[in-house]
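Residue-level listing of the chains:
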Amino acid sequence: MENKPKIDKEFIENLIQIIEDQNTEQALEITQVLHAADLAEIYNALTIDQAKFLYLLLDQEKAGDVLIELDEHARERFLDSLPSDVIARQFIHEMDSDDAADVIGDLSEEKQEEILALISNKEQAGDIVDLLNYDEDSAGGLMAKEFVKVEEGWDIEHCIQEIRTQAEVVVELYFVYVVNQYNKLIGLISLKDLLLNNPKKPIDSFINRDVISVKTDESAEDVARIMDKYDLVAIPVVDSIGRLVGRITIDDVVDVMREAAEKDYQLISGITSDVESSDRVWTITRARLPWLVIGLFGGILGARVIEIYEFDLGIYPQLAFFIPLIAAMAGNVGIQSSSIIVQSIAANVFEVESTLKKLMKELSVGLMNGIICAALLFGYNWLTASSMDLTIAVSISLLAVILFASFFGTLIPILLNKAKIDPALATGPFITTMNDIVGLLIYLNIGRMIFNLHL
């Protein structure tokens, strides 16, 4: 964009001063050269009143775009500060139905009703209501009601006339869908075929009937996988009997992928719900605390394990030297194994291989890694340690712990997935805590057995 300013601290401070001075003309000049995504980014540095001054200067189309670019938490705070009639007439009016439903769906039921009643385009209001009735994590919740369709049996001239009429409300025209007289999806037709053939020719011979579609109750993540697999920029959505009801575009799917990745990353990190750095202290604490408490009790159990072997450690104190190493290796191997399995499940690769085959593969990898790491540790201890018993005990224990961690890190995500629980829960704190405890038990038992052999 021409003459687009650099968004930095100095720019933000200057903009805030312009807003405080109520300099409408200068503020308007700035908003006109900035992209909607840039304006949404700026919002985080402004107070609610400053943001309201800036956004109410925008034209309807750009105002709607900015609203969509805001993250959910910021958008909710911003909309709560605006009257319902402003939201309905300035923001919602220019939005696609799916974006409008996303915006309105974040609000209270009372405010939703107020805004819907104030939307002048009752067909748009009806579309939004329809979308709000679907689960937000389903194809129905993702889809937009704006699309272009024609009927089989029509000639090209009739189709082009209909496309001109319908395309007025469609921002991006990816495909022209073909339906029968009952509105059931039967295929799609390219614009190239419509433009290059005789206007009086029926479209039936040009229909591509090998069309990929999803049903309204398909999960959002499954929709993303299908579109990724077949390299689609848009996909039609049908109801339970095959009637065309909407379409999902690639920008909506990218949002799903990003949100899924953020959710999995937070689960791996031991955060139990979706939080932002801008949330209240208690909200963030509540999301982080559960796994920290589990980790705390895991640490207490680990301490109890060491206490059980206090007598052995008193006789062979050198065993204590390698407790941190054993615990760290167990946790690292477990996280590696579980992460690979979770990634395979997310990509639907896991279904190709049986559970047993997957377990055997990970155990084989664990065995190879274990032998190499144990050999390196054996060499180090052989050169530096005074006790051959310690050298043997630590090396064998490391091999056994790596094998167990590989098995455990593979099995748990599989079991969680079969139980319809997000397998990302298996990574991070859970795997680390369990492997720490079991790794200590394996190490101290092997140490006890080897040292006792030479008593």
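Residues numbered from 1 in each chain as written. Predicted model: local features only at pLDDT ≥ 70, side-chain atom pairs only at ≥ 80, totals over all residues. Heavy atoms only, no water.

### Looking at the packing of aromatic side chains
Working step 1: Per the counting criterion, the structure on display carries five aromatic pairs.
Working step 2: Arranged with centres 5.5 Å apart and planes meeting at 15°, the rings of Phe404 and Phe408 form a pair that is stacked. Pair noted here: Phe404 and Phe408 are both in helix H20 (residues 388–418), with a separation of four residues, about one helical turn.
Working step 3: Overall, Phe404 belongs to the partly exposed group, its relative accessible area being 25%. (Phe/Tyr/Trp six-rings, centres within 6.5 Å; stacked < 30°, edge-to-face > 60°. Helix = DSSP H or I, 4+ residues; strand = E, 2+ residues; numbered from the N terminus. Buried < 20%, exposed > 50% of the residue type's maximum accessible area, 1.4 Å probe, protein only.)

### Observations regarding helix H7 (residues 84–91)
Working step 1: Among the residues making up H7, those that are buried are Ser84, Ile87, Ala88, Gln90 and Phe91.
Working step 2: Contact partners of the buried residues in H7: helix H4 (48–55), helix H5 (60–69), helix H6 (72–80) and helix H9 (109–118). (Contact = heavy atoms within 4.5 Å.)

### Things to note about the packing of helix H1 (residues 9–20) against helix H2 (residues 24–33)
Working step 1: Close contact between H1 and H2 brings their axes to 9 Å; oriented N to C, the two are set at 140°. The orientation of H1 with respect to H2, classified from their angle, is oblique. Note on element contacts: H2 touches H1 through Gln26, Ala27 and Ile30, opposite Phe11, Leu15 and Ile18.
Working step 2: For the contact of H1 with H2, the residue count by class is five nonpolar, one polar and no charged. (Axes fitted to C-alpha atoms, helices over the stretch in contact; angles between N-to-C directions. Parallel < 35°, antiparallel > 145°, perpendicular 65-115°, else oblique. Nonpolar A, V, L, I, M, F, W, Y, C, P; charged D, E, K, R; others polar.)

### Here's the deal with the pattern of salt bridges
Working step 1: Tallied over the entire structure, the rule returns six salt bridges.
Working step 2: One salt bridge in this structure joins Asp106 and Arg75, with 2.9 Å as the shortest N-O distance. Separated by 31 residues along the polypeptide, Asp106 in the loop between helix H8 (97–105) and H9 and Arg75 in helix H6 bring together distant segments of the chain.
Working step 3: Judged by relative accessible area, which is 6%, Arg75 ranks as buried.
Working step 4: Notably, a salt bridge pairs Asp239 with Arg243, separated by 2.6 Å at the nearest N-O pair. (Salt bridge = Lys/Arg side-chain N within 4 Å of Asp/Glu carboxyl O.)

### Considerations on the nonpolar core
Looking at soluble globular proteins, one finds that nonpolar side chains tend to be buried together.
Working step 1: With 58 residues, the main nonpolar core has Tyr55, Phe78, Phe91, Ile92, Ile119 and Ile248 as its most contacted residues.
Working step 2: Apart from residues no more than four positions distant in its own chain, Phe78 is found in contact with Tyr43, Ile48, Ala51, Lys52, Tyr55, Leu67, Leu70 and Phe91.
Working step 3: In terms of nonpolar packing, the next biggest core, distinct from the first, is built from 22 residues, Tyr309, Leu319, Ile326 and Ala330 among them. (Core = buried A, V, L, I, M, F, W, Y, C linked by side-chain atoms within 4.5 Å.)

### Considerations on the pairing of strand E6 (residues 244–249)
Working step 1: Burial runs high along E6: six of the six residues are buried.
Working step 2: Note that strand E5 (residues 234–238) and E6 share five bridges and pair antiparallel. Residue Pro236 lies in a different strand from E6, and its bridge partner there is Arg247.
Working step 3: Hairpin connection between E5 and E6: a loop of five residues separates the two successive antiparallel strands, and Gly242 in this loop has a positive phi of roughly 90°. (Pairing = 2+ DSSP bridges.)

### Section: the packing of H7 against H9
Working step 1: The N-to-C vectors of H7 and H9 enclose an angle of 50°; their axes lie 8 Å apart at closest approach. Between H7 and H9, the crossing angle belongs to the class labelled oblique. The crossing of H7 and H9 is right-handed. For the pair H7 and H9, the contacting residues are Ser84, Asp85, Ile87, Ala88 and Arg89 in the first and Lys111, Glu114, Ile115 and Leu118 in the second.
Working step 2: Partitioning the contact of H7 with H9 into residue classes produces four nonpolar, one polar and four charged. (Left-handed = near helix turned anticlockwise from the far one by under 90°.)

### Regarding the pairing of strand E3 (residues 185–189)
Consecutive residues of a regular strand have side chains that alternate between opposite faces of the sheet.
Working step 1: Most of E3 sits inside the fold, with five of its five residues counted as buried.
Working step 2: Where strand E2 (residues 176–179) folds back onto E3 in an antiparallel hairpin, the turn is made up of five residues, including Asn183, whose phi is positive at roughly 70°.

### Points about a negative patch on the surface
Working step 1: Side chains of Asp71, Glu72, Glu76, Asp80, Asp102, Asp135, Glu136, Asp137, Glu221 and Glu259 sit close together on the surface and give a patch of like negative charge.
Working step 2: At three residues, H6 tops the list of elements feeding residues into the negative patch.
Working step 3: Along the chain, Asp137 falls in the loop between helix H10 (122–132) and helix H11 (139–142).
Working step 4: For Asp137, a relative accessible area of 48% puts it in the partly exposed group. (Patch = residues over 30% accessible without salt bridge, like charges linked within 9 Å, V, L, I, M, F, W, Y side chains within 5 Å. Areas by Shrake-Rupley, 256 points an atom, 1.4 Å probe, with all protein chains shown as cover. Lys, Arg positive; Asp, Glu negative; His and termini not counted. Charge placed at Lys NZ, Arg CZ, Asp CG, Glu CD.)

### Describing a nonpolar patch on the surface
Working step 1: A cluster of nonpolar side chains, contributed by Leu289, Leu292, Val293, Leu296, Phe297 and Ile300, occupies part of the molecular surface with about 550 Å² of accessible area.
Working step 2: Structurally, Val293 is set in helix H16 (residues 281–308).
Working step 3: By relative accessible area, Val293 is classed as partly exposed at 32%.

### Quick look at the sheet that holds strand E1 (residues 148–151)
Working step 1: If you trace the three strands from one edge of the open sheet to the other, you get E1-E2-E3, paired in mixed fashion. A strand with exactly one partner marks an edge of an open sheet, and here the two such strands are E1 and E3. For this sheet, the mean angle separating the axes of adjacent strands, direction not counted, is 35°.
Working step 2: Bridge analysis of E1 against E2 gives four bridges, and the strand direction is parallel. The residue of E2 that forms the bridge with Lys149 is Tyr177.

### A short note on the side chain of Ser395
Working step 1: Mapped onto the elements of the fold, Ser395 is located in helix H20.
Working step 2: From its side chain, Ser395 meets the backbone oxygen of Thr391 in a polar contact 2.8 Å long.
Working step 3: Ignoring sequence-local partners within four residues, the contact set of Ser395 consists of Ala374, Leu377 and Phe378. (Polar contact = N/O pair within 3.5 Å; in protein donor to acceptor, adjacent residues only side chain to side chain.)

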